[in-house]
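So the chains spell out like this:
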Amino acid sequence: MSSPLGLYVHVPYCRQRCSYCDFYFVTGQKSPAPFLAAVKEEIAHYADRYGDKVQADTIYIGGGTPSRLDLDETFALLDALRTSFRIDEPLEVTFEVNPDDCTDDYLAGLRALGVDRLSLGVQSFFDADLKWMNRAHTGKQAEAAIEGIHKAGFRTFSADLIMGLPDQPEEYWQANVEKAVRLGVPHLSTYMLTVEEQTPLGNQVRRGLVTPASDGTFERRFRFTMDYLRGQGFDHYEISSFARPGHRAVHNHRYWDHVNYLGFGPSAHSFWWDTALREHTLSAGGAERWSNLRSLTRYNALLGNHTLPVEERQRLTLDQLANEHLMLRLRTEDGVDLDRLLHVYGADLVMEKVDDLAALEEAGMVTLRGGRLRLTDDGKMLADAVTERLMLRDPAPRRR
Ligand code: SF4
């Protein structure tokens, strides 16, 4: 039986630059034809290399702003994936859209192309916030997009909201979450605003023009979000992700569970770990991660020359994989299965971190029940610090 695989395509176009954004994209878009030709070439290369070993079952088209592509271009992209990989009945085909691109015809067209899940970049329903972030849409457009998505008949979709905007009135955040629920959004991703250095926001903070929100502000808003959404019937299944039953994102689970995924397009990341080796031999078994360069011009030129646009490639050790597993799974509702950590990754957390685990449990940051380690709500507030404390630091090849 072939193993599952997630496919990701990074579409590197945006209408304008949001002030906080560190993703790779270009504005002032010309024809995407050279990009589509290049990405087709890249997809074909990896299909030749891995295609017979895998059955691709999730597709995620992200960016950038995939909805900058028109329907013919989107068809070409999906067609390149479908004709290169075995994708019989995908579990999920997600497409990221921005509100300003969501016309009724466009949404209906996406459905007709087999897209069955949308991820909508709302960020806030307040125009003052959107202007501050330099988003290309208004709050009204975000509302209209959600109504349009319902009307087009999408069974599931997600909306992104950004938490912790500096100087945002407390009631704005609460109103944003409440409005999303009122509009029938079945999945919400609530991201903390992070200040990345190489962004306009990073520059504003450096120059003292903006002061990031305090830890207390984040904490208050995060607690409100957890309490309110749970009260409304959402599962808090990952630290930033809330879903009504039946609406969890499948593709994202791939990242958290070390399922193989292949990413195409400038700046896209891929992960491959030989499944035949990983379960039985306690071995990193050729596990590697690689990422493409962040330049559309070079990406197109290299692939035009039949050369892969890989910028960085990293072979992963079992210790690194164990740490990643711990870090990613700790963010999820299911937590870390300690038996799995031992048998697949060779890491005996209870033995290696006995004192830290006891201290974290005592402080109410984690629970350890039924062989599963989970963050408590207090622990979620300090997730990075808790994870850091549990990292397995010994890089020695102690168990091969
Ligand atoms: S639309 Fe998305 S990818 Fe594009 S600049 Fe804004 S946040 Fe970044």
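None of these values were measured; they are calculated from a predicted model.

**Description of the overall build of the protein**
Thought 1: A tally of helices and strands in the protein yields 17 helices and 15 strands.
Thought 2: By the compact-globule yardstick of 21 Å for 400 residues, the protein fits well, its C-alpha radius of gyration being 21 Å.
Thought 3: The proportion of buried residues among the 400 residues of the protein is 41%.
Thought 4: Sequence-distant contacts in the protein: of pairs separated by 6 or more residues, those separated by 24 or more amount to 71%.

**Some points on the packing of helix 1 (residues 33-50) against helix 2 (residues 71-84)**
When two helices pack together, their arrangement is given by the angle between the helix axes and the distance between those axes.
Thought 1: The geometry of helix 1 relative to helix 2 is characterised by a closest axis approach of 9 Å and an angle of 15° between their N-to-C directions. By the angle class used here, helix 1 and helix 2 are roughly parallel. Where helix 1 crosses over helix 2, the two elements pack in a sense that is right-handed. Contact residues: L36, V39, K40, I43, A44 and A47 in helix 1; E73, A76, L77, A80, L81 and S84 in helix 2.
Thought 2: Grouping the constituent residues of the contact of helix 1 with helix 2 by class yields nine nonpolar, one polar and two charged.

**Some thoughts on unusual backbone geometry**
Thought 1: One non-glycine residue, N134, lies in the positive phi region at around 60°.
Thought 2: As for its placement among the helices and strands, N134 is situated in the loop between helix 4 (127-133) and helix 5 (139-152).
Thought 3: By the C-beta count within 10 Å, which is 14 here, N134 ends up partly exposed.
Thought 4: In this structure, H306 takes a positive phi of about 60° despite not being glycine.
Thought 5: Mapping H306 onto the fold places it in the loop between helix 11 (296-304) and strand 12 (310-315).

**Section: the domain arrangement of the protein**
Thought 1: Structurally, the protein comprises domain 1 (3-253) and domain 2 (329-390).
Thought 2: Using C-alpha coordinates to define each centre, domain 1 is positioned 29 Å away from domain 2.
Thought 3: Facing the eight residues of domain 1 at the interface are seven residues of domain 2.
Thought 4: Mapped by element, the contributors of at least two residues to the side of domain 1 that touches domain 2 are helix 8 (215-231) and strand 7 (235-238).
Thought 5: Residue contributions to the side of domain 1 that touches domain 2 peak at four residues, all from strand 7.
Thought 6: Residue composition of the side of domain 1 that touches domain 2, by class: four nonpolar, one polar and three charged.

Rules used in this analysis
Residues numbered from 1 in each chain as written. Predicted model: local features only at pLDDT ≥ 70, side-chain atom pairs only at ≥ 80, totals over all residues. Helix = DSSP H or I, 4+ residues; strand = E, 2+ residues; numbered from the N terminus. Rg over C-alpha atoms; globule rule 2.2 N^0.38 Å. Buried ≥ 20, exposed ≤ 12 C-beta atoms within 10 Å, placed from the backbone. Contact = placed C-beta atoms within 7 Å. Axes fitted to C-alpha atoms, helices over the stretch in contact; angles between N-to-C directions. Parallel < 35°, antiparallel > 145°, perpendicular 65-115°, else oblique. Left-handed = near helix turned anticlockwise from the far one by under 90°. Nonpolar A, V, L, I, M, F, W, Y, C, P; charged D, E, K, R; others polar. Domains from an automatic or database assignment.

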